[in-house]
Amino acid sequence: MSVPLLAARGLTRIYASGQERVVGVREATLSFAAGELAVLAGPSGSGKTTLLNLLGLLDRPDAGRLELLGEDVSTLDDRGRARLRREKLGFVFQSHQLVPVLSAEENVALALWIRGLPEVDCRTRARAALASVGLSGMEGRRPDAMSGGQRQRVAVARAIVGEPALVLADEPTASLDSETAARLLDLFDALHAEKGIAFLFSSHDPRIVERVPRRIRLVDGLIVSDETPAGGAS
Amino acid sequence: MSLRWWRLAARNLFRHGRRTVLTGSIVVVGFVAATMTAGFVAQTFRGLKDITIRGQGGHLQVVSAASVGKSDEEAATLLLDHAGELTRSVATSPDVLQAMPRLAFFGLVARGERSVGYMGTGTVPALEKSATLTAEAVAEGAFLADPEGDEVMLGGGLARSLGAKTGDLVTVMTTTPDGGLNAIDATVVAILRWPIKELDDRLLFLPYAPAARLLKAEGKATSIAVTLKPGVDLEKAAGALRARLHRGGAGAAVKTWIESAPFYVAVRRLYAAIFLFTGLVLATVVILAAANTMTMSVFERTREIGTLLAIGMERRQVRNLFLAEGLLMGLGGSLAGAVGSLLIRAAINAAEINLPPPPGATSGGVLHVELIPAAFLVGFVLMTVTLLAASWWPARRAARLDPVEALTHV
């Protein structure tokens, strides 16, 4: 039996809000295979982003265990978590979150700079990543000279340039119009198909939820269903 | 940190160009103020040092060992014997340019009904002229010419008190070391304008020979004033002369000019304290301005910092990025400050601005700001360290941000 890419058991995250304790995620247990495509779905406040942050090693659980490629990462220190994030994971955020003073190519290469790779490698791989998201010829443009969809594609290129095992995308279409969102979803499909990259989305956008084969639904921090509809590939 | 991070840091500085320029200009002003003050203070010290050395007649004073630690009045009675022989011996030392015997004495000088207290010096006219400020201070008449003649030069204030002018005859009275009274008549050949008013009111110069007759101290001297050759190390020369005199058994001691200049030492300390205080004020202003800029930058870039942390940037890398921004601002500001300082210095020196006389002095001087390379080096280091210090807390704050909170920062 192969080791799952990601395995969570009983993940719980509780926030303190004044005297009150708010449960963000309650005993979430799920497993995620390499090359899989899934979405955390649910209404606002259901705990999608909280769970995504826990799975992406951005946040620490108050209880439970998380394994990445068989390694227990629940108790890793900051440096260890940062290392795994830059080597094994990629991130796409609701807003593109690009560095405004860097060109598209440099923004993508940034994910490799932090690994300390040589400049030539960074440049070559950044150009290839930009080509794979359909942005050849726009390497020198700065974010303020690009459209919203183009910026989000640069963000996707930044997420995949390090050849991660898993890309976590938090509401990636939320700030895009329908047409641009559709093109971005096509891009995710293509990258999944061509490169075998696993994607885990957090979204309440039906355009994503309907296209993704595995749907994990949350309500009030609890996973209420984890289904792969018949015919859905994972 | 590799070059690409420095490039990123430099670009980050110009996200808000106006703010960076404003903060940078504070660094520039700080740098210019520090280097200009150092240049001005250096000129003041150099001038004061020159006046002090030439006022004492040279870099070193050979005095009677018994006079060390005594008051001027007491020391004036404790004379060196065989002054001529001793002067010749000192003058042949390899570090010495010239040596001259001097007699210090006190008493009253009278003209007609008026008599005023004086502070007298008996000296060798030709050597006094070349080694001291006295010749430059002649405002009226001519410097002492005859080493044997009964000629006298008076400070301007003293001459006014006596109502004396050149060509007048005055009576110089004193108490000899034996306690007797003696007097000679001397012709006023020059009126001096001494830069320090208290001395201008009291100074009197006689050639060595009549002064020795007056004091009944022929062949003796209160001190031998020694001028060193250019570039000679003061302490080494003093040490060599002490050893030479010790071997000769002359019963003489050697004092450096700085040991005989408590005023110079006090002024130096005062200036150093003022300079330190000014530096601290400047550093505080720069720290506050830069810290404010960096804090605003961290606040505005919180989401971006969250993104950088999310994609795997380590906290120390985030901290170093902000420190690099502070460092670059310090270096850039210092560089601009150095250029500004050179230009302003050139303009001030070209303008030949006259300074008013300092307290106690009768004449001012031309403002000249010296170029002090060490001050530029210290300025660079100080401003850079100051900017690093100012960036430390904002950088630390950025590095300690929680990525989840930072990503949701509005």
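Residues numbered from 1 in each chain as written. Chains lettered and ligands numbered in written order. Predicted model: local features only at pLDDT ≥ 70, side-chain atom pairs only at ≥ 80, totals over all residues.

(A) View of the confidence of the model for chain B. For chain B, per-residue confidence averages 88 on the pLDDT scale, and 98% of positions sit at 70 or higher. Overall fold confidence (pTM) sits at 0.74, and the ipTM for the predicted complex is 0.91. (pLDDT = per-residue confidence, 0-100.)

(B) Region of the structure containing the sheet that holds strand β10 (residues 222–227) of chain A. Residues and elements named next belong to chain A. What the 6 strands build is an open sheet, ordered β6-β7-β8-β3-β9-β10; its pairing is mixed. Two strands close off the open sheet at either side, each with one partner strand: β6 (89–92) and β10. Ignoring strand direction, the axes of neighbouring strands in this sheet form an average angle of 15 degrees. Pairing between strand β3 (residues 37–41) and strand β9 (residues 214–219): 4 bridges, direction parallel. Among the inter-strand pairings, Ala38 is bridged to a residue of β9, identified as Arg214. Of the strands in this sheet, β3, β7 (166–170), β8 (198–202) and β9 touch helix α1 (residues 48–55), which is tilted by about 145 degrees from β8. Contacts from helix α5 (residues 148–160) reach β6 and β7 within the one sheet, and its direction differs from that of β6 by about 170 degrees. (Pairing = 2+ DSSP bridges. Helix = DSSP H or I, 4+ residues; strand = E, 2+ residues; numbered from the N terminus. Axes fitted to C-alpha atoms, helices over the stretch in contact; angles between N-to-C directions. Contact = placed C-beta atoms within 7 Å.)

(C) Just the domain arrangement of chain B, in detail. By the assigned domains, chain B splits into domain 1 (3–52 + 264–407) and domain 2 (59–256). Domain 1 of chain B and domain 2 of chain B are separated by 50 Å when their C-alpha centres are compared. (Domains from an automatic or database assignment.)

(D) The arrangement of helix α2 (residues 78–88) of chain A in detail. Those residues of α2 of chain A not exposed but buried are Arg81, Ala82, Leu84, Arg85, Arg86 and Lys88 of chain A. Looking at the buried side of α2 of chain A, the elements it contacts are β4 (63–68), β6, α3 (104–113) and β7 of chain A together with α11 (302–310) of chain B. (Buried ≥ 20, exposed ≤ 12 C-beta atoms within 10 Å, placed from the backbone.)

(E) Expanded view of the packing of helix α10 (residues 262–300) of chain B against helix α12 (residues 315–351) of chain B. Residues and elements named next belong to chain B. One way to put it is that α10 packs onto α12 with a least axis distance of 11 Å and a crossing angle of 145 degrees. Pair α10 / α12 crosses with right-handed handedness. For the pair α10 and α12, the contacting residues are Ala290, Met294 and Val298 in the first and Phe322, Gly326 and Met329 in the second. Here the contact of α10 with α12 is composed, by residue class, of 5 nonpolar, 1 polar and no charged. (Left-handed = near helix turned anticlockwise from the far one by under 90°. Nonpolar A, V, L, I, M, F, W, Y, C, P; charged D, E, K, R; others polar.)

(F) Structural context of the environment of Val101 of chain A. With respect to the helices and strands, Val101 of chain A occurs in the loop between β6 and α3. Among the residues examined, Val101 of chain A registers 19 C-beta atoms within 10 Å and is labelled partly exposed. Residues Val101 of chain A and Asp144 of chain A, 43 residues apart in the sequence, show an inter-C-alpha distance of 9.2 Å. Contact partners of Val101 of chain A, with chain neighbours within four places excluded, come to Arg11, Asn12 and Arg15 of chain B.

(G) Looking closely at the interface of chain A and chain B. Listed per partner, the contact involves 18 residues of chain A and 17 residues of chain B. Listing elements by their share of the side of chain A that touches chain B, those giving two or more residues are α2 and α3 of chain A. Of the residues forming the side of chain A that touches chain B, the biggest block, 6 residues, is contributed by α2 of chain A. Looking at the side of chain A that touches chain B residue by residue, the classes come out as 9 nonpolar, 2 polar and 7 charged.

(H) Main features of the nonpolar core. Grouped together as the largest cluster of nonpolar side chains are 109 residues, with contacts concentrated most on Val108, Ala157 and Leu200 of chain A. Residues contacting Ala157 of chain A, with those up to four places away along its chain left out, are Val108, Ala129, Leu130, Ser132, Val133 and Leu135 of chain A. Ranked by size, the runner-up nonpolar core spans 63 residues in total, among them Ala76, Val116, Leu158 and Val188 of chain B. (Core = buried A, V, L, I, M, F, W, Y, C linked by C-beta atoms within 7 Å.)

(I) Here's a closer look at the pairing of β3 of chain A. Residues and elements named next belong to chain A. Here β3 lies mainly inside the structure; 5 of its 5 residues are buried. Neither face of β3 is left uncovered, since the one carrying Leu37, Val39 and Ala41 and the one carrying Ala38 and Leu40 both have all their residues buried. Where β3 and β8 come together, 4 bridges link them in parallel fashion. Its bridge partner lying in β8, Val39 is registered against Phe201.

(J) The sheet that holds strand β5 (residues 71–72) of chain A, seen in detail. Residue and element names in this part refer to chain A. What the 4 strands build is an open sheet, ordered β2-β1-β4-β5; its pairing is antiparallel. Looking along the sheet, the strands with just one partner apiece sit at the ends: β2 (20–32) and β5. Sheet topology places β4 next to β5; 2 bridges connect them, and they run antiparallel. Note on β5: the bridge partner recorded for Glu67 is Asp72.

(K) Main features of the pairing of strand β2 (residues 96–111) of chain B. Residue and element names in this part refer to chain B. Sheet topology places β2 next to strand β9 (residues 223–228); 6 bridges connect them, and they run antiparallel. Along β9, the bridge assignment pairs Pro101 with Ile224. Between β2 and strand β3 (residues 114–123), which pair antiparallel in sequence order, lie 2 residues; one of them, Gly112, sits at a positive phi of approximately 65 degrees. Pairing between β2 and strand β6 (residues 169–175): 4 bridges, direction antiparallel. When the bridges of β6 are listed, Ala110 appears paired with Thr171.

(L) Spotlight on helix α6 (residues 178–195) of chain A. Residue and element names in this part refer to chain A. Between its terminal C-alpha atoms α6 stretches 25 Å, which fits the 26 Å expected from 18 residues at 1.5 Å a residue. Those residues of α6 that sit buried are Ala181, Leu184, Leu185, Phe188 and Leu191. Summarising the axial view, the buried residues of α6 lie within an arc of 120 degrees, below the 170-degree limit, and thus occupy one face. α6 presents Glu179, Asp186, Ala193 and Glu194 as exposed residues on the side facing more than 90 degrees away from its buried surface. For α6, the secondary structure elements touched by its buried residues are α4 (119–132), α5, β8 and α7 (206–211). Positive phi appears at Gly196, one or two residues downstream of α6, with a value of about 70 degrees. (Expected span 1.5 Å × (residues − 1). Arc of directions from axis to C-beta.)

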